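# Chains, contacts and geometry: an overview
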Amino acid sequence: MGTRSSQRVSKPTNPKKVKKKERNAVEVPSRLVRMKKFIEMHKGAQKITLILMAVFGLQCAYLLKLFKLFEESNNDLTWASSNDIIPTKQAVVPCSSSYLEDIQAFSGCIPAQCGRVVADNVITSAEAEILLNLAKRGFAYGESDGGASILDFHSGALSKGKKFVNIYSLIKASELFHEEDITTYRSVRRKIQNLLASAFNISESALYLTHPTFFSFLTNKDAATVHDEYWHTHVDKETYKSFHYTSLLYLNNYGKDFTGGRFIFDELANYSTILEPKKARLSGFTSGWENPHHVERVTGGSRYAATISFTCNPKNAIKDPGFR
Ligand SMILES: O=C(O)CCC(=O)C(=O)O
Ligand SMILES: [Fe+2]
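Cut-offs used in this document
Residues numbered from 1 in each chain as written. Chains lettered and ligands numbered in written order. Predicted model: local features only at pLDDT ≥ 70, side-chain atom pairs only at ≥ 80, totals over all residues. Heavy atoms only, no water. 1 Å grid on protein atoms, 1.4 Å probe; cavity = no way out; pocket = protein on both sides within 12 Å on 5 of 7 lines; lining within 4 Å. Points joined across faces, edges and corners; volume = space filled by probe spheres on them. Nonpolar A, V, L, I, M, F, W, Y, C, P; charged D, E, K, R; others polar. Helix = DSSP H or I, 4+ residues; strand = E, 2+ residues; numbered from the N terminus. Core = buried A, V, L, I, M, F, W, Y, C linked by side-chain atoms within 4.5 Å. Buried < 20%, exposed > 50% of the residue type's maximum accessible area, 1.4 Å probe, protein only. Pairing = 2+ DSSP bridges. Axes fitted to C-alpha atoms, helices over the stretch in contact; angles between N-to-C directions. Contact = heavy atoms within 4.5 Å. Polar contact = N/O pair within 3.5 Å; in protein donor to acceptor, adjacent residues only side chain to side chain. Near = heavy atom within 4 Å. Areas by Shrake-Rupley, 256 points an atom, 1.4 Å probe, with all protein chains shown as cover. Sits in = over half its atoms within 2 Å of the grid points. Salt bridge = Lys/Arg side-chain N within 4 Å of Asp/Glu carboxyl O.

## Digging into empty space enclosed by the protein
A full pass over the atoms with the stated rule returns two cavities of 30 Å³ or more. By volume, the largest cavity is sized at about 60 Å³. As for the largest cavity, its lining consists of Ser-144, Ala-148, Ser-159, Gly-161, Lys-162, Lys-163, Phe-164, Thr-225, His-227 and Asp-228. Class assignment for the residues of the lining of the largest cavity results in two nonpolar, five polar and three charged. Considered as a void within the structure, the second largest cavity measures approximately 30 Å³ in volume. Those elements that provide at least two residues to the lining of the second largest cavity are strand S8 (214-218) and strand S16 (303-307).

Encoded structure:
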């Protein structure tokens, strides 16, 4: 049985199309021949092209890898590694408008530029050791249940359990402190003030030590109260209203005495600038919204540091802790 299509009557052929078809029928084989000839002639060039393509491919893969590495480092820039000895290193960050507004009233205290500074050679290891021992002696009288303890020798505030007590109600200052503790604290405070003044191009005498000024002791215990949750991003000017310049003095070593616990600047562009604590490492920064930060959770060991900060407002000045 034949199909419908086989029964179809063919249309009469258009003579113009016939001519074109004929032309093609002659041209196709000659094009093939020419192509073959061309390929024969250019075999060497073909090889070169293949090599070039392979090289290009490799370059693309390499660039992709570089790009990925760049992206990773963008999220995780270690600005101050604990393996490095940093004489002094600075980074500029544009001042937040609220910080500039606030500091405008205090001439001599306005930073040339906002930013950060880190220095490993300002405070000596011996000074850090004296302050570490002082902190440890204090924390023997109290510790938070939740892994974040503070001791403020100025106010006497000491974490104990889920609360704060006054250390001076537990032990007489004269029994707790040695003469060298007081002289060391004063010398360290002066050195920090000097570093901040030169880093931000302000007058040293425009800076006043301010409250709270405290030692911190962090472990990996689960938080018991909100006071233990040190790992949240914050702005010091908001948390501690009187701060204009924050400084942190690290008393022991990331990676050796404790794990986790790195200091992180949370940049606006969704990447982090990391500072690894190290014994006697000093860091300083303007306390406004230009420097939001947090401390990474400690995963093991004990982390000791001191927050020693400055105000431009003489009304918020405190004396060096006298250790009564
Ligand atoms: O201990 C640190 O590294 C930072 C502490 C801190 O952010 C603070 O005291 O406000
Ligand atoms: Fe802070």
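## Describing the nonpolar core
In terms of nonpolar packing, the biggest core is built from 48 residues, with Phe-215 and Tyr-245 touching the most fellow members. Per element, the largest residue contribution to this core is eight residues, and it comes from helix H8 (residues 179-200). Core analysis: the next-biggest nonpolar cluster, separate from the first, contains eleven residues, Ile-86, Phe-263, Leu-275 and Phe-285 among them.

## Side note on the sheet that holds strand S11 (residues 263-266)
If you walk across this open sheet you meet the four strands as S1-S12-S11-S14, and the pairing is mixed. Each of the sheet's edge strands pairs with one partner strand only, and the pair in question is strand S1 (76-80) and strand S14 (293-295). Here the average twist between neighbouring strands, direction ignored, is 30°. Bridge count for S11 against S14 is three bridges, and the pairing is antiparallel. When the sheet's bridge partners are listed, Phe-263 is paired in S14 with Val-295.

## Structural notes on the environment of Leu-195
Locating Leu-195 in the fold gives a position in helix H8. Residues Leu-195 and Val-118 lie 77 residues apart in sequence; the distance between their C-alpha atoms is 9.4 Å. Apart from the residues within four sequence positions on either side, Leu-195 is in contact with Thr-88, Val-117, Ala-119, Val-122 and Leu-282.

## Thoughts on the side chain of Gln-193
Within the secondary structure, Gln-193 is located in helix H8. Here Gln-193 falls in the buried class, since its relative accessible area comes to 9%. At a separation of 2.9 Å, a polar atom in the side chain of Gln-193 contacts the main-chain carbonyl oxygen of Glu-204. There is a polar contact of 3.0 Å between the side chain of Gln-193 and the backbone oxygen of Leu-207. Every residue in contact with Gln-193, bar those within four places of it in the chain, is listed here: Glu-204, Leu-207 and Phe-310.

## Notes on the site of ligand 1
Taken together, Phe-214, His-234, Asp-236, Tyr-240, Leu-248, Tyr-250, Phe-263, His-293, Val-295, Arg-303 and Thr-307 make up the full set of residues near ligand 1. Protein chains shield 93% of the accessible area of ligand 1, which is 290 Å² for the free molecule. Among the detected pockets, ligand 1 sits in the largest pocket. Of all the secondary-structure elements, those providing two or more residues to the shell around ligand 1 are strand S9 (245-250), S14 and S16. Among the residues making up the shell around ligand 1, the classes are represented as six nonpolar, three polar and two charged.

## Describing the pairing of strand S5 (residues 157-160)
Pairing of S5 with strand S6 (residues 163-166), which is carried by four bridges, proceeds in the antiparallel orientation. Along S6, the bridge assignment pairs Ser-159 with Phe-164. Linking S5 to S6, which pair antiparallel, is a turn of two residues; within it Gly-161 sits at a positive phi near 65°.

## So, the pattern of salt bridges
Using the criterion set out here, one finds 13 salt bridges in the structure. With its nearest N and O atoms 3.0 Å apart, the salt bridge here joins Lys-162 to Asp-145. Here the residue Lys-162 occupies a position in the loop between S5 and S6, and Asp-145 occupies one in the loop between helix H5 (125-139) and strand S4 (148-151), the gap between them amounting to 17 residues. Note on Asp-145: relative accessible area 37%, which makes it partly exposed. Salt bridges sharing partners connect three or more residues here, namely Asp-120, Lys-278 and Arg-281.

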